[in-house]
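Here is how the chains run, residue by residue.
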Amino acid sequence: MIIGVPKEIKPGEQRVALTPAGARALAEAGHRVLVEHGAGAGSGLADEEFARVGGTLAPVDEVWAKAELVLKVKEPMPEEYGRLRAGQVLFTYLHLAPVPDLTRALRNSDAIAIAYETVQRPDGSLPLLTPMSEVAGRLAVQEGAFYLSRAHGGRGILLSGVPGVPPGNVVIVGAGTVGLNAARVAVGLGAEVAILDVNLDRLRAVDDLFRGRVATLVSNAYNLERVVRRADLLVGAVLITGARAPVLVTRAMVEGMKEGAVIVDVAVDQGGSVETIRPTTLLDPVYRVAGVVHYGVANMPALVPRTSTFALTNATLPYVLELAARGAAAAARANPTLARGINVWRGRIVHPAVAENLGEPAAPLDDCLR
Ligand SMILES: NC(=O)c1ccc[n+]([C@@H]2O[C@H](COP(=O)([O-])OP(=O)(O)OC[C@H]3O[C@@H](n4cnc5c(N)ncnc54)[C@H](O)[C@@H]3O)[C@@H](O)[C@H]2O)c1
């Protein structure tokens, strides 16, 4: 199969959908890999690294025109819509719900669009979203520590403390992937850490993992009010799948926080779990409310594109190899986890949530795969 890897053109996006390790695995399996010149540059991957393992560098027009399977990171931009071809397979993050124009463009292109974010295992887990939550969770504490310094508007706190001065206090709301990874870095830094969740099994897992080093609390308004007041760094990490994040930390709680404390609400991409949070960008990440520094970057992994590229492609490559070996229809028939990723199949919208957003019924995938 011919596999194409265009350079990402969404503003600020520096990741790339394939690493040289992936290009080598595909080349060794007998496929032809076309990589756009400069596609890996933002992640520190030079053209020669792809060429050395059997990839072919090509101009963007050739990549799109020849590829049977296009690997991307972000959804196609309007200037890319016209490049999609009938029968071509596109494998990328799509997040189609808020962009009906793109959904229509994909349908009209007669291509097959498979979204990373809806690839789902039978247990409900989302293997191609998890790596970005791991990155964002770890980064949340790193960024929080940075903004706690006085020069960056914070309280002037070193999270680890020093002998004779107690460590900073980190409160994490949500003990899922983001929350656990935030806890790991906060513990590593030597901070005093508390984590809250409504799911007792998640709290049991935290208790086991950190052997009591992290205080676990059931998430309710009473407990939140008590711990938020003490926090130097508050990390928002909740998710109710498919829904807006619940607002758990109210404006009154924020007003009760210490001057110069920092809030990093990772859940801002789902509306946020803090009443006073709003989305910000990497170019202008923070603002203050009631003396508290608010960090609301909705695409945190973009801050560390190299790590994020490796983390993402480690997770996507097995599916890419499967798609390349069998073709989309046979791969989807053989692997229900991958099949759940299919959003649009040759002019028909097959993902129920995506169809609902356009006010249409979804086409049954089985009919498409026949
Ligand atoms: N900002 C970014 O760059 C970025 C990057 C990656 C992920 N995210 C977002 O981070 C959020 C968390 O993702 P995740 O992968 O950790 O999700 P997850 O499903 O693994 O974990 C969410 C946790 O929140 C808990 N929760 C639900 N309601 C709660 C409540 N009332 N109080 C406390 N906990 C509650 C759940 O029990 C679960 O343990 C999502 O919105 C995700 O989209 C943002």
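Here the structure is shown first, and the text comes after it.
None of the values given here were measured: they were computed from a predicted structure.

Quick notes on the rules
Residues numbered from 1 in each chain as written. Predicted model: local features only at pLDDT ≥ 70, side-chain atom pairs only at ≥ 80, totals over all residues. Heavy atoms only, no water. Axes fitted to C-alpha atoms, helices over the stretch in contact; angles between N-to-C directions. Helix = DSSP H or I, 4+ residues; strand = E, 2+ residues; numbered from the N terminus. Parallel < 35°, antiparallel > 145°, perpendicular 65-115°, else oblique. Left-handed = near helix turned anticlockwise from the far one by under 90°. Contact = heavy atoms within 4.5 Å. Nonpolar A, V, L, I, M, F, W, Y, C, P; charged D, E, K, R; others polar. Pairing = 2+ DSSP bridges. Phe/Tyr/Trp six-rings, centres within 6.5 Å; stacked < 30°, edge-to-face > 60°. Buried < 20%, exposed > 50% of the residue type's maximum accessible area, 1.4 Å probe, protein only. Lys NZ or Arg CZ within 6 Å of the ring centre and 35° of its normal. Arc of directions from axis to C-beta.

As a further point, take the packing of helix α6 (residues 130–147) against helix α11 (residues 305–326). α11 packs onto α6 with a crossing angle of 155° between their chain directions and a minimal axis gap of 8 Å. It follows from the interaxial angle that α6 and α11 lie roughly antiparallel. The chirality of how α6 crosses α11 is right-handed. In this structure, α6 uses Pro 131, Met 132 and Val 135 to contact α11, whose residues at the interface are Ser 308, Ala 311, Leu 312 and Ala 315. Among the residues making up the contact of α6 with α11, the classes are represented as six nonpolar, one polar and no charged.

Turning next to the sheet that holds strand β9 (residues 214–218). What the seven strands build is an open sheet, ordered β9-β8-β7-β10-β11-β13-β12; its pairing is mixed. The strands lining the two open edges of the sheet, one partner per strand, are β9 and β12 (286–289). Strand-to-strand twist across the sheet, computed as the mean angle between neighbouring axes with direction ignored, equals 20°. As paired strands, β12 and strand β13 (residues 292–295) are joined by four bridges and run antiparallel to one another.

Aromatic ring pairs are defined here through the distance separating the ring centres and the angle between the ring planes. Enumeration according to the criterion identifies four aromatic pairs in this entry. Look at Phe 91 and Tyr 116: their rings are 4.8 Å apart centre to centre, the planes differ by 85°, and that puts the pair in the edge-to-face class. Of this pair, Phe 91 sits in strand β5 (residues 89–92) while Tyr 116 sits in the loop between β6 (112–115) and α6, and the two are 25 residues apart along the sequence. Classification of Phe 91 by relative accessible area gives buried; the value is 0%. Residue classification places Tyr 116 among the buried positions, given a relative accessible area of 1%. Ring centres of Tyr 93 and Tyr 116 lie 4.9 Å apart, and the angle between their planes is 85°; on these two criteria the pair is classed as edge-to-face. Of this pair, Tyr 93 sits in the loop between β5 and α5 (100–109) while Tyr 116 sits in the loop between β6 and α6, and the two are 23 residues apart along the sequence. Members of the aromatic cluster, connected to one another through ring pairs, are Phe 91, Tyr 93 and Tyr 116. In this structure, Arg 278 packs its charged tip against the face of Tyr 287, placed 3.9 Å from the ring centre.

Residues of α5 that are buried: Leu 102, Thr 103, Ala 105, Leu 106 and Ser 109. An end-on view of α5 places all buried positions within 160° of arc, on one side of the element. In α5, the exposed positions angled more than 90 degrees off the buried face are occupied by Asp 101 and Asn 108. The elements touched by buried residues of α5 are α4 (78–81), β5, β6, β14 (342–345), β15 (348–349) and α14 (352–357). Just downstream of α5, Asp 110 is the residue with a positive phi angle, here 70°.

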